[in-house]
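# Topology and contacts: notes
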Amino acid sequence: MTTELGLPSPRGGTSRDPARPADPRLVDGFGRVATDLRISLTDRCNLRCTYCMPAEGLDWMPRSEQLTDDELNRLIAVAVHDLGIEELRFTGGEPLLRRGLEEIFSAASALEPRPDISLTTNGIGLARRAEALAASGVNRLNVSMDTLRPERFARITRRDRLSDVIDGMAAAHAAGLSPVKINTVLLRGVNDDEAADLLEFALTHGYQLRFIEQMPLDAQHGWRRTEMITADEILARLEERFVLTPSDEDRGGAPAERFVVNGGPATVGVIASVTRPFCGACDRTRLTADGQVRTCLFATGETDLRAMLRGGATDAEIADVWRDAMWGKKAGHGIDDPGFLQPARPMSAIGG
Ligand code: SAM
Ligand code: SF4
């Protein structure tokens, strides 16, 4: 069932690899178990971050290709009931652009056992929706913000909307969607002098800041390893103003390496996918808005669950094909391999 991107895949029945153990969970050949499902609700976005997509946007996925709410709810139920998924993180594109998303969250929060539900958003429109999101079952939010300066925000996202994002965070915090986490990507010569200011802002407001190393997932393939700001650089910049000590809390499968700030209790995180990869502890599986399972952000193949749904497959058949897909997950993302190929899907269509 795993296909190269762009090729149609046949409707499959059960296709169990004989080497795969009879474990109902999403185990892979390296002993990892996926319990965290990242779901992209849409590939569309109302910002145009330079490290993510071009100014003119992308050819958005036709609506007919996107999973309907019923299809998505069914896959989520299979993931929780049959595959042992414990956490759902909704993302995109910009997830708040998906109509009816509160109903999707309500359906997910009614599942038993109830999964943990979180959302990664750019924060546009969040201020007026935070209460409804909390009421629909969302537990926590990550809001992306790369700068505290409006003119820089406009340069990075190509939209002048910084105040919406800051208001959105405050509304989320007030609605109890805590801890509010901030995701920041630093770009050389653009906002890399703001690391400490951003941490100061997060500490003042009771938010948790996490820096994400820039990854080769932009639609325009403009990423250069020599240009990216590394975890070492981020930490050095923070240490000019703060005392950081590595957190001794068990990181588990969490992508962020955490550091205690000035003796605690506040922490700051660094997601160093490029320079300090954490693939060995990965507990994630991904579902795109058009119903493709991806075993990794950097996977070059996908497994088509939408074709199965639309072809009349049973829940048991879908679950088994998902297990097979995860069994074939690679050991690591391979960014450092000489033959590394950036995936055809950009981050905005995978779900970051
Ligand atoms: N639109 C939402 C947002 O921006 O939060 C959700 C989707 S976005 C793809 C998820 C996260 O991926 C954001 O925090 C964004 O900054 C990050 N991101 C996007 N492109 C990236 C890249 N090339 N490298 C590292 N992080 C990236
Ligand atoms: Fe949109 Fe998020 Fe990509 Fe920015 S990072 S363009 S907000 S999907």
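Residues numbered from 1 in each chain as written. Chains lettered and ligands numbered in written order. Predicted model: local features only at pLDDT ≥ 70, side-chain atom pairs only at ≥ 80, totals over all residues. Heavy atoms only, no water.

Turning to the pairing of strand β6 (residues 116-121), a few remarks are in order. Most of β6 sits inside the fold, with five of its six residues counted as buried. Of the strand pairs in this sheet, strand β5 (residues 87-91) and β6 are connected by four bridges, and their pairing is parallel. Looking across to β6, one finds that Glu87 is bridged to Asp116. Two elements, β6 and strand β7 (residues 140-144), share four bridges in a ladder whose sense is parallel. Paired with Ser118 across the bridge in β7 is Arg140. Between β6 and its parallel partner β7, the chain crosses via helix α3 (residues 130-135), and the hand of that crossover is right-handed. (Buried < 20%, exposed > 50% of the residue type's maximum accessible area, 1.4 Å probe, protein only. Helix = DSSP H or I, 4+ residues; strand = E, 2+ residues; numbered from the N terminus. Pairing = 2+ DSSP bridges. Right-handed = clockwise from strand over helix to strand, strands pointing away.)

Membership of the largest hydrophobic core comes to 102 residues, with the highest contact counts inside it found for Ile76 and Phe90. Considering each element in turn, this core owes the most residues, eight residues, to helix α1 (residues 69-83). Here Phe90 is in contact with Ile39, Leu41, Ile76, Pro95, Ile104, Phe105, Ile117, Ser118, Leu119 and Thr120, once residues within four sequence places are set aside. (Core = buried A, V, L, I, M, F, W, Y, C linked by side-chain atoms within 4.5 Å. Contact = heavy atoms within 4.5 Å.)

A turn of α-helix holds 3.6 residues, and therefore any two residues three or four places apart point the same way. Between its terminal C-alpha atoms helix α9 (residues 315-327) stretches 18 Å, which fits the 18 Å expected from 13 residues at 1.5 Å a residue. Along α9, 11 of the 13 residues are buried, which leaves the element largely enclosed by surrounding structure. Looking at α9, one finds that the buried residues are Glu317, Ile318, Ala319, Asp320, Val321, Trp322, Arg323, Asp324, Ala325, Met326 and Trp327. (Expected span 1.5 Å × (residues − 1).)

Burial analysis of strand β9 (residues 208-212) places four of its five residues in the buried class, the great majority of the element. Relative to β9, strand β8 (residues 181-184) runs parallel, the two being bridged by four bridges. Bridge pairing links Asn183 to Arg210 in β9. Assessed by its sense of winding, the connection that carries the chain from β8 through helix α6 (residues 195-205) to β9 is right-handed. In terms of strand pairing, β9 meets strand β12 (residues 267-271) through four bridges, oriented parallel. When the bridges of β12 are listed, Leu209 appears paired with Val268.

A word on the UniProt feature "binding site: [4Fe-4S] cluster 1" (unreviewed entry) in the chain. UniProt's entry tags Cys45, Cys49 and Cys52 with the feature "binding site: [4Fe-4S] cluster 1" (unreviewed entry), counted in the numbering of this structure. Mapping Cys45 onto the fold places it in the loop between β4 (36-40) and α1. Since its relative accessible area comes to 16%, Cys45 is described here as buried. Here Cys45 is in contact with Met53, Trp60, Glu94, Leu97 and Asn122, once residues within four sequence places are set aside. Considering the arrangement of structural elements, one finds Cys49 in the loop between β4 and α1. Those residues in contact with Cys49 that sit more than four places away from it in its chain are Ile156, Thr157 and Arg158. (UniProt positions renumbered as here; feature names shortened; annotations may be inferred.)

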